[in-house]
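These are the residues of each chain, in order.
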Amino acid sequence: MSLASERNDIELDEKIKEQHRIDSLNLLLYMMLLITTVLTVWMFKHRRMRYMHETGLALVFGLVVGALIRYTSVPSAISHVEVKAVSHPTYNGTLPPDYLWYHMKRKRDPVGPLVENRTYAYRLTGEVEDLTGNQFAQQATFDPEIFFNIILPPIIFNAGYSLKRKFFFRNLGSILCFAFIGTTISAFVIGGVQYTFGLLFTYKPSLLDCLYFGALISATDPVTILAIFNDLHVDVNLYALVFGESVLNDAVAIVLVTAIENYAKLYATAADGFEAIAFLKAIGLFFYVFCSSFLLGSVMGCATALLTKFTHIRDFPLLESSLFLLMSYSSFLIAEAADLTGIVAVLFCGICQAHYTYNNLSDEARVRTKDFFELINFLTENFIFSYIGVSLFTFPKHQWDFAFIGCAFISLFVGRLLNIYPLSWLLNLRRNPKIPLNFQHMMFLAGLRGAIAFALAIRNTYSVGRQTILTATSIIVAVTVVYGGLTTQLLLWLGIPVGGEAEEDETTGLNQMQRTRPVYSTMDARPNATGARDNPEKARLVRLWSNFDTAFMKPLLTNARPTLLETLPMCCHPLARLLTSTQQLTQDTSNKYDDDGEGFLEGDDASLHGAGGDSGSIHSNGRQIGGGAPDDGDLGTGSASGYQQAPPAAAAARPTRVTLRGHGHGENL
C-alpha cells in the first residue's frame with residue numbers, strides 16, 4: 001500500500017469520525033428536548049396545570065433551541081467543487097438529476113503520474129442557499145422520508161389500535177360525513193381562497209399548489225384538545241366526533257394530496273386551467289387508492305388474527321408480540337410498495353388488530369403491545385413537534401410570504417366554518433340525538449393542525465411554491481397547537497359540562513389487570529318518564545354489519561363463542577369445523593363476545609339469554625353490556641345514544657349480575 005493511499009484513508013476516517021460526532025450531537029439534542037418535555041409535563045400534571053399540552057411544550061422548547069442554533073453558532077464554509085454538467089440524451093436540464101457521478105483522477109504516489117481513475121456518486125439533497133453555513137444546523141434537518149416511513153406509521157397505527165370503537169361506531173355516520181365530505185369541502189375552500197387572493201402574495205401560486213396546500217392543511221390533529229377532553233371527562237360523543245374525524249380525515253387528506261399529485265403528473269396540461277376529464281379520473285383514483293389501502297390494511301389485520309388463533313404462538317409472548325408488530329408495519333410497507341397509501345392501510349390494520357387480534361393474544365402480549373404503541377406514539381409525536389420548532393430556524397428553504405401566511409389563517413377559518421356548521425345542520429335533520437350548537441362551536445375550534453400536515457408539506461420543497469407552503473404550514477401548526485391549551489377556558493365559555501366516572505377499557509377483555517378510562521356524561525343521556533334512559537336503535541347499515549360481524553367474523557377470526565358451528569347452517573359444518581379452533585370448542589360457553597365489539601365478557605359479566613337473544617346483562621354499575629337489541633350507532637339517520645346507567649343508589653344495591661329476559665330493549669331493574 002502506498003503512502004498516498006494511507007494518507008487518504010486517514011483523512012477519510014477523520015471525516016467519517018467528525019460526521020459521526022455531529023450526528024450524535026444532533027440526536028442528543030432531540031433526546032434532551034424530549035427529556036425536558038417529559039419533566040415539564042410531569043410538573044404540569046403534578047400541579048394540575050392545563051395551560052399547555054406536551055406537544056405544545058415540545059414545540060416551544062424546539063423553537064428556543066432552534067433560535068440558539070441559528071443565532072449563536074459560527075458559520076463555516078461548505079467544502080465544495082464547482083462542476084459543469086456534460087450533455088446527456090436522457091437529461092433535459094429542467095430538473096436536477098438524482099445522482100451525480102464525479103470522475104476523479106487520484107495520484108497513486110505524491111510525485112508520480114495520475115494513474116488511478118475513481119468515480120464517486122453524489123446524491124441530490126436539495127438546493128444550496130448559501131455557500132457558508134453551520135454544519136450542525138444542517139444536520140438538524142432530517143430526510144423527509146424518515147417521517148413517512150418511520151415516525152408516522154406508529155402514530156397512525158396507535159390511533160386505530162387505541163380507538164374506542166363503541167363510541168366511534170355510535171357516531172360512525174356523522175364521523176364519516178365530517179371526515180370525507182367535510183375534509184373535501186375544507187380542502188377546496190382553502191385552495192380556492194388562496195388562489196383567489198393570490199395577487200397579494202409575493203409569489204403567485206398555481207391552482208394546483210393552492211389545492212395541494214388546501215388538501216394537506218385539512219388534516220386535523222387536535223391532540224391537545226383531546227388530552228384535555230380526556231382529563232376533564234367531556235361528553236363521550238363530543239370526544240368521539242372530534243377524535244373520529246381527526247383519525248379518518250388524516251387518511252382522507254393524504255389520499256386527496258395523492259389524487260391532486262396524480263392529476264398534475266398524469267393528466268394536467270402546462271396551462272394553469274381546469275380539465276374536467278382529468279378531474280373525474282383523479283376522483284376515480286382517489287376512491288381506488290383509498291378503498292384498496294383500506295382493504296389491504298384490513299386483510300393484514302385479519303391475517304394476523306388468523307395466525308394468532310390457529311397457532312400456539314401465544315405460548316411464547318415475545319414471539320407473539322414480535323409477529324404482531326411486524327405484520328402491522330408490513331401493511332404500511334406493502335401499501336407504499338403497491339403505490340397505495342400506507343397511512344390508510346396501517347390505520348385500518350390497527351382497527352382490525354384491536355377488534356380481532358387483540359382478543360387472541362396472551363395477557364402478557366396484550367399489555368406489551370398496548371404499552372409499546374402508547375409509548376412510541378408519545379415519543380414520536382413529541383419528536384415531530386420538537387423538530388417543527390427547531391426547523392423553523394434551521395431549515396434553509398423557508399419562504400416567508402406573510403401575505404400567504406395571513407391569508408392561510410383566514411382560509412382555514414372559512415374552510416372549517418363551511419365544514420362543521422352546514423354538515424351538522426344536515427345531520428341534525430335525521431340524527432337522534434342532535435349535535436348541540438355548543439358542541440358544533442367546540443368542533444369548529446378543535447380543528448388544530450399537526451404532524452400529518454407538516455410531514456406532507458416537508459416531502460417536497462424544491463420549488464418556491466412548495467417552500468412557501470412548508471413555511472405557512474409550520475407557522476399554522478405552531479400557532480394552533482399552542483392555542484389548544486385554551487381548551488379548558490373554551491369548555492367553560494361554551495357551557496359544555498365536564499366530569500364523569502371511570503369505565504373499564506373496552507380492549508382489556510380477558511385481561512384481569514383491567515384498566516380504567518373516563519366515562520363521560522352523554523348529550524343524549526336524558527331519563528324518560530319512567531326514569532330510564534332512552535335507548536334508540538342503530539342505523540340500519542351499522543346494525544347489519546354488527547349482526548354479520550357477531551355471527552361470522554368474530555367466530556372466524558377470534559376464539560370467541562358462539563362458534564361457526566353454531567352460527568352457520570348444517571350444510572356448512574364441515575368447513576365450520578376446520579375454521580373452529582380447539583380453544584373455542586373447549587372453553588366455557590359463557591365466554592362470549594360482547595355484541596358491541598369491545599372484547600370478551602367473562603363469567604358473571606356476560607349472559608346472553610332470552611328470546612331471540614334480545615336480552616342483556618348488567619354490570620354491577622348498572623350499565624347494560626349485552627343484548628341483541630342494538631342500542632348504538634348512526635349513519636346520519638340513527639342515534640348516538642349512550643349506555644343505560646342506573647341511579648348510583650340502585651347501582652350500589654344491585655348484585656354482581658342481573659340477567660334480563662325480554663323481547664325489546666334491556667330494562668333497568
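Residues numbered from 1 in each chain as written. Predicted model: local features only at pLDDT ≥ 70, side-chain atom pairs only at ≥ 80, totals over all residues. Heavy atoms only, no water.

1. Notes on the overall build of the protein chain
Stage number 1. For the protein chain, the helix and strand inventory stands at 23 helices and ten strands.
Stage number 2. The burial tally for the protein chain puts 50% of its 669 residues in the buried class.
Stage number 3. A separation of at least 24 residues holds for 76% of the contacts in the protein chain among residues at least 6 apart in sequence.
Stage number 4. Roughly 31800 Å² of accessible area belongs to the protein chain as shown, and the carbon and sulfur atoms make up 64% of that amount. (Helix = DSSP H or I, 4+ residues; strand = E, 2+ residues; numbered from the N terminus. Buried < 20%, exposed > 50% of the residue type's maximum accessible area, 1.4 Å probe, protein only. Contact = heavy atoms within 4.5 Å. Areas by Shrake-Rupley, 256 points an atom, 1.4 Å probe, with all protein chains shown as cover.)

2. Regarding the nonpolar core
In globular proteins that are soluble, nonpolar side chains generally tend to be buried together.
Stage number 1. Grouped together as the largest cluster of nonpolar side chains are 124 residues, with contacts concentrated most on F213, L216, F229, L238 and M442.
Stage number 2. Of all the elements, helix α9 (residues 236–267) adds the most residues to this core, at 16 residues. (Core = buried A, V, L, I, M, F, W, Y, C linked by side-chain atoms within 4.5 Å.)

3. Quick look at the pattern of salt bridges
Any two side chains of opposite charge can pair, on the condition that their charged atoms come close.
Stage number 1. Across all of its chains, the model carries seven salt bridges by this definition.
Stage number 2. As a salt-bridge pair, E18 and R21 come within 2.7 Å of each other at their nearest N and O atoms. Taken as a pair, E18 and R21 lie in helix α1 (residues 3–46) at a separation of three residues, close to a single helical turn.
Stage number 3. Overall, the relative accessible area of 34% leaves E18 in the partly exposed class.
Stage number 4. Using a relative accessible area of 43% as the deciding quantity, one classes R21 as partly exposed.
Stage number 5. Taking the shortest distance from any N to any O, the salt bridge between R368 and E364 comes out at 2.8 Å. Of this pair, R368 and E364 are both found in helix α13 (residues 363–394), four residues apart, which corresponds to roughly one turn of the helix.
Stage number 6. By relative accessible area, R368 is classed as partly exposed at 31%. (Salt bridge = Lys/Arg side-chain N within 4 Å of Asp/Glu carboxyl O.)

4. A closer look at the environment of Q584
Stage number 1. Counting through the fold element by element, Q584 comes out in helix α22 (residues 582–586).
Stage number 2. A relative accessible area of 0% means that Q584 is categorised as buried.
Stage number 3. Residues Q584 and A560 lie 24 residues apart in sequence; the distance between their C-alpha atoms is 6.3 Å.
Stage number 4. When neighbours within four sequence positions are excluded, Q584 is seen to be in contact with K309, P555, T558, N559, A560, R561, T563 and L579.
Stage number 5. A distance of 3.1 Å separates the side chain of Q584 from the backbone oxygen of P555, its partner in a polar contact.
Stage number 6. Side-chain polar atoms of Q584 contact the backbone nitrogen of S581, separated by 3.1 Å. (Polar contact = N/O pair within 3.5 Å; in protein donor to acceptor, adjacent residues only side chain to side chain.)

5. Here we look at unusual backbone geometry
Stage number 1. The linkage connecting R561 with the following residue, P562, adopts the cis geometry, with an omega of 0°.
Stage number 2. Despite not being glycine, D339 has its phi angle at roughly 65°, a positive value.
Stage number 3. Mapping D339 onto the fold places it in the loop between α11 (317–337) and α12 (342–355).
Stage number 4. Overall, the relative accessible area of 64% leaves D339 in the exposed class.

6. Overview of the packing of helix α7 (residues 207–217) against helix α17 (residues 464–483)
For any two helices packed against each other, the geometry is given by the interaxial angle and the distance between the axes.
Stage number 1. In the contact formed by α7 and α17, the axes pass within 11 Å of each other and the chain directions differ by 25°. Considered as vectors, α7 and α17 are oriented roughly parallel to each other. Between α7 and α17 the crossing geometry is right-handed. Between α7 and α17, the contacting residues are D209, Y212, F213, L216 and I217 on the first element and G465, R466, I469, A472, T473 and I476 on the second.
Stage number 2. When the residues that make up the contact of α7 with α17 are grouped by side-chain class, the tally is seven nonpolar, two polar and two charged. (Axes fitted to C-alpha atoms, helices over the stretch in contact; angles between N-to-C directions. Parallel < 35°, antiparallel > 145°, perpendicular 65-115°, else oblique. Left-handed = near helix turned anticlockwise from the far one by under 90°. Nonpolar A, V, L, I, M, F, W, Y, C, P; charged D, E, K, R; others polar.)

7. What about the state of the cysteines?
Stage number 1. Summed over all chains, the structure comprises zero disulfides.
Stage number 2. For the unlinked cysteine C407, the closest cysteine sulfur is that of C210, found at 8.7 Å. (Disulfide = S-S within 2.5 Å.)

8. Some words on helix α8 (residues 223–232)
Stage number 1. Among the ten residues that make up α8, seven are buried, leaving the element largely enclosed by the rest of the structure.
Stage number 2. Among the residues of α8, those classed as buried are V223, T224, I225, L226, I228, F229 and L232.
Stage number 3. Immediately downstream of α8, the backbone of H233 shows phi near 60°, a positive value.

9. Things to note about the side chain of Q440
Stage number 1. Here Q440 lies in helix α15 (residues 437–445).
Stage number 2. Filtering out sequence-adjacent residues up to four positions away, Q440 remains in contact with I420, Y421, S424, N428 and I435.

10. Quick notes on the packing of helix α6 (residues 172–196) against helix α14 (residues 402–428)
Stage number 1. At a minimum axis separation of 8 Å, α6 and α14 run at an interaxial angle of 145°. The crossing of α6 and α14 is right-handed.
Stage number 2. Residues of the contact of α6 with α14, tallied by class, amount to 16 nonpolar, nine polar and no charged.

11. Things to note about the confidence of the model for the protein chain
Stage number 1. Predicted confidence across the protein chain gives a mean pLDDT of 75, with 71% of residues reaching 70 or more.
Stage number 2. Taking the mean pLDDT of every element in the protein chain, the minimum, 34, falls on strand β9 (residues 617–618) and the maximum, 94, on α11. (pLDDT = per-residue confidence, 0-100.)

12. Concerning the packing of aromatic side chains
Stage number 1. All told, the structure shown has 29 aromatic pairs when counted by the stated rule.
Stage number 2. Pairing F147 with F454 gives two aromatic rings, centres 5.9 Å apart and planes at 80°, and the pair type is edge-to-face. Here the residue F147 occupies a position in helix α4 (residues 144–161), and F454 occupies one in helix α16 (residues 451–458), the gap between them amounting to 307 residues.
Stage number 3. Look at F147 and you get buried, because its relative accessible area is 0%.
Stage number 4. For F454, a relative accessible area of 1% puts it in the buried group.
Stage number 5. Plain terms: the ring middles of F548 and F552 are 5.4 Å apart, the flat faces sit at 40° to each other, and that makes the pair tilted. With F548 and F552 both in helix α19 (residues 540–557) and four residues apart, this pair spans about one turn of that helix.
Stage number 6. Relative accessible area serves as the criterion here: at 38%, F548 is assigned to the partly exposed category. (Phe/Tyr/Trp six-rings, centres within 6.5 Å; stacked < 30°, edge-to-face > 60°.)

13. Focus: a nonpolar patch on the surface
Stage number 1. Judged by side-chain polarity, L25, L28, M31, M32, I35 and L39 come together as a nonpolar surface patch covering roughly 550 Å² of accessible area.
Stage number 2. Relative to the helices and strands, L39 is located in helix α1.
Stage number 3. Owing to a relative accessible area of 54%, L39 belongs among the exposed residues under this scheme. (Patch = residues over 30% accessible without salt bridge, like charges linked within 9 Å, V, L, I, M, F, W, Y side chains within 5 Å.)

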